[in-house]
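Given next are the chains, with one letter for each unit.
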Amino acid sequence: MSYIDCKSALSSLLLDRTLKVVAFSGPWGVGKTHLWKGIQEDSLDPLVRNAMYCSLFGVTSIRDLKLKLAQAAVLQSSGGGTVKEMLGNVVSVGKKAATALHPSFEALDEIGFMAVPMLLRGKLIVIDDIERKHDSLHVNEVLGFVEECAQRLGCKILLILNVEKLTDDFIWRQFREKVVDEEQRLVMSPSEATSIALSLHKSRGLTPAAAPELPNQFRAAIEACQITNIRVISKLERLVRRILGEAGKLDTAIHDRVVPSVVLLGAIHHRSLDNAPDFEFVVNYRSTFSETADRVVASDRDAEAPHAGREGWILLMDRLGIKSCGLFEKAIVRYLESGQIDARSIQEAIRAFSENRSALLVRVAAEKFLEDRKWNVKKPDRSFLHDLEIIRAGVQWLDATLLDAIYYQAGEVSGGQAVADELIDAWVSAFEQRYSSGEEAVPAPGHTLLHEKILDVVRRMRAISLSRNSLSGLCSRANEGKELSESDQALLSSVTTEDWTQALRRATGQELKLIVLQSLEFHRARYEDKKYEYGRVAHCFVEACCLIVNAPHSSGSDDRQNARLAAVLEGQFKSSGLIQLLEDNHSEAFSDPAEAE
């Protein structure tokens with residue numbers, strides 16, 4: 001039933017004098033209270049317009065409920081005259097004492113309690129937020145009070161609640177059949193909820209006149225996430241507007257890349273998704289292709305089943321059209337967790353999308369090619385060849401992992417092997433030209449590369465890059481509290497276990513001490529402070545230490561040095577309380593997506 005239909009149906013139930021108790025249920029945030037207030041404002045029926053409203057949020061007893069209703073009656077009465085007369089008659093107080101009741105409520109505890117039957121008689125009483133009551137107030141007590149009002153005082157009762165969140169729902173089910181005459185449920189669609197949220201913002205003047213226009217991708221992302229909580233949608237609207245406001249005017253392709261990620265991360269932050277992925281899964285996500293089809297970052301939620309729900313997570317990313325994530329998503333997560341927006345990082349990430357729009361489109365085409373190769377079993381080879389020609393025009397924008405997967409899929413297309421070889425040669429040439437200076441950090445591949453030419457050029461360029469941007473230097477700058485440069489940030493996201501192993505074996509003395517202690521600090525910051533940008537560097541460091549500690553050692557000179565290094569590392573992990581990471585090969589340390597495949 002739509003929102004409009006539900007409003008009409010509930011209005012009819014409230015006008016039906018044969019019904020004493022009506023329950024109105026629905027999930028949190030779908031607008032139940034808003035719908036009731038709309039009915040009250042539009043109604044011409046005096047009973048509905050003069051209804052007495054009370055929220056059970058935090059109410060601990062029926063006595064407290066009665067007093068809240070008495071207070072509502074005093075506030076509702078024009079000038080409090082009628083109610084004060086009732087209270088005066090009940091307790092035989094003088095005119096002066098009765099006049100003092102309205103502004104201060106100082107004597108209301110006792111007077112109001114005795115006057116409740118007179119105040120409530122024949123009224124429509126709306127009791128909201130039943131599931132948010134205090135644990136000491138049981139739902140059977142509430143229903144007992146409701147039945148008393150309906151039978152003895154001639155009241156009509158509207159109960160507003162989220163049945164699914166009732167802690168004593170078993171009692172509710174038992175008493176509901178006896179007490180509740182009719183129940184209306186509000187089931188909101190994401191589209192309706194979005195329309196209401198946006199209209200509320202606009203009507204309340206909460207959307208600035210200079211705010212950027214909300215793109216169509218916002219509604220589409222809300223639909224994909226199946227969010228019906230109006231309050232959450234309003235928060236997501238503000239988040240998207242703020243992020244887009246930092247970026248300036250963007251075209252459709254950039255909106256397609258940016259808006260779904262912002263909505264998803266915001267929804268995760270506000271806990272509005274069932275079986276939601278965590279931030280780390282999202283910021284490290286790559287499209288489901290080839291060996292990376294099972295890319296999932298282990299969640300801390302369940303050590304025995306860390307990958308529970310991963311198929312649903314991947315389907316969610318598909319519905320949102322998110323193929324890969326990176327620095328932009330990390331900047332959004334930092335903002336959500338700290339409340340401080342890193343405008344520069346967001347602007348730089350979006351500017352990179354805008355300036356390299358052709359790169360974005362080529363990557364989208366490449367990921368679509370792989371997606372179709374896996375699932376579109378009826379697509380003819382000639383169409384795949386056409387896709388490969390589009391990819392060839394911008395092959396320099398692909399990363400090593402994506403190209404590696406494309407090469408082997410292209411080879412299976414009739415007439416595709418020649419094109420695949422051309423893709424490799426053109427990419428290798430462009431890659432060498434870009435990274436041969438060593439000034440830019442070379443991104444690490446997402447999984448073990450299969451093509452020898454790709455593997456060779458990546459190793460050579462990484463060696464040049466690491467000679468200019470060392471892990472030792474990164475640790476030193478981080479230890480000194482200096483702001484990490486773009487090269488440092490790139491190194492954080494591209495370091496491999498092999499890089500760490502070599503760095504540890506080369507270092508000695510103060511350099512070794514600095515590397516080990518700062519890397520353990522990276523690990524602490526990742527898991528205690530939730531700094532996801534340290535996830536890869538922390539994982540690769542721990543895995544490199546595991547390899548060194550568990551490697552066999554002989555009596556040779558190099559092996560004796562490696563044995564001493566292993567003893568140093570093992571001792572430091574023990575003193576840091578992290579020895580389990582070295583002993584358990586199935587620990588969380590071995591779940592990094594870049595190394596797990």
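What counts and how
Residues numbered from 1 in each chain as written. Predicted model: local features only at pLDDT ≥ 70, side-chain atom pairs only at ≥ 80, totals over all residues. Heavy atoms only, no water. Helix = DSSP H or I, 4+ residues; strand = E, 2+ residues; numbered from the N terminus. Buried < 20%, exposed > 50% of the residue type's maximum accessible area, 1.4 Å probe, protein only. Areas by Shrake-Rupley, 256 points an atom, 1.4 Å probe, with all protein chains shown as cover. Phe/Tyr/Trp six-rings, centres within 6.5 Å; stacked < 30°, edge-to-face > 60°. Lys NZ or Arg CZ within 6 Å of the ring centre and 35° of its normal. Axes fitted to C-alpha atoms, helices over the stretch in contact; angles between N-to-C directions. Parallel < 35°, antiparallel > 145°, perpendicular 65-115°, else oblique. Left-handed = near helix turned anticlockwise from the far one by under 90°. Contact = heavy atoms within 4.5 Å. Nonpolar A, V, L, I, M, F, W, Y, C, P; charged D, E, K, R; others polar. Pairing = 2+ DSSP bridges.

Draft legend 1. The overall build of the protein, seen in detail. When helices and strands are counted, the protein shows 30 helices and five strands. Counting over 597 residues, the protein shows a buried share of 49%. Here the protein has roughly 28700 Å² of accessible surface; of this, 49% comes from carbon and sulfur atoms.

Draft legend 2. Region of the structure containing unusual backbone geometry. Phi is positive for Asp129, close to 55°, though the residue is something other than glycine. Look at Asp129 and you get buried, because its relative accessible area is 17%. Even without glycine at this site, Gln226 takes up a positive phi of about 55°. Structurally, the position occupied by Gln226 is in the loop between helix 11 (216-225) and helix 12 (230-247).

Draft legend 3. View of the packing of aromatic side chains. As enumerated under the stated definition, the model contains nine aromatic pairs in all. On the basis of an interplanar angle of 50° and a centroid distance of 5.4 Å, the ring pair of Phe281 and Tyr285 is categorised as tilted. Tyr285 gets classed as buried once you look at its relative accessible area, which sits at 1%. Judged by centre distance (4.5 Å) and plane angle (25°), the rings of Trp427 and Phe431 are stacked. Residue Trp427 and its partner Phe431 are located together in helix 21 (residues 417-435), separated by four residues, close to a single helical turn. We note that Trp427, like Phe431, is buried. Sitting over the ring of Trp28, Arg132 keeps its end group 4.5 Å from the ring centre.

Draft legend 4. A look at the packing of helix 26 (residues 509-528) against helix 27 (residues 535-550). The interhelical angle for the contact between helix 26 and helix 27, taken along N-to-C directions, is 130°, at an axis separation of 8 Å. What the angle tells us is that helix 26 and helix 27 run oblique. Regarding helix 26 and helix 27, the two cross each other, and that crossing is left-handed. Across the interface between the two elements, Val516, Ser519, Leu520, Phe522, His523 and Arg526 from helix 26 touch Gly535, Val537, Ala538, Phe541 and Val542 from helix 27. Of the residues assigned to the contact of helix 26 with helix 27, the class counts are seven nonpolar, three polar and one charged.

Draft legend 5. How the structure looks around the environment of Gly144. Here Gly144 shows up in helix 8 (residues 139-152). For the pair Gly144 and Ile62, spaced 82 residues apart in sequence, the C-alpha separation works out to 9.6 Å.

Draft legend 6. Just the sheet that holds strand 3 (residues 124-128), in detail. Read across the open sheet, the five strands follow the order 2-3-4-1-5; overall the sheet is parallel. Looking at which strands have only one partner, the edges of the open sheet turn out to be strand 2 (52-55) and strand 5 (182-185). Going across the sheet, the axis of each strand differs from the next one's by a mean of 15°, ignoring polarity. Relative to strand 5, helix 1 (residues 3-15) is tilted by about 160°, and along the sheet it contacts strand 1 (21-25), strand 3, strand 4 (156-161) and strand 5. Relative to the sheet, helix 2 (residues 32-42) contacts strand 1, strand 2, strand 3 and strand 4, its axis offset from that of strand 4 by approximately 150°.

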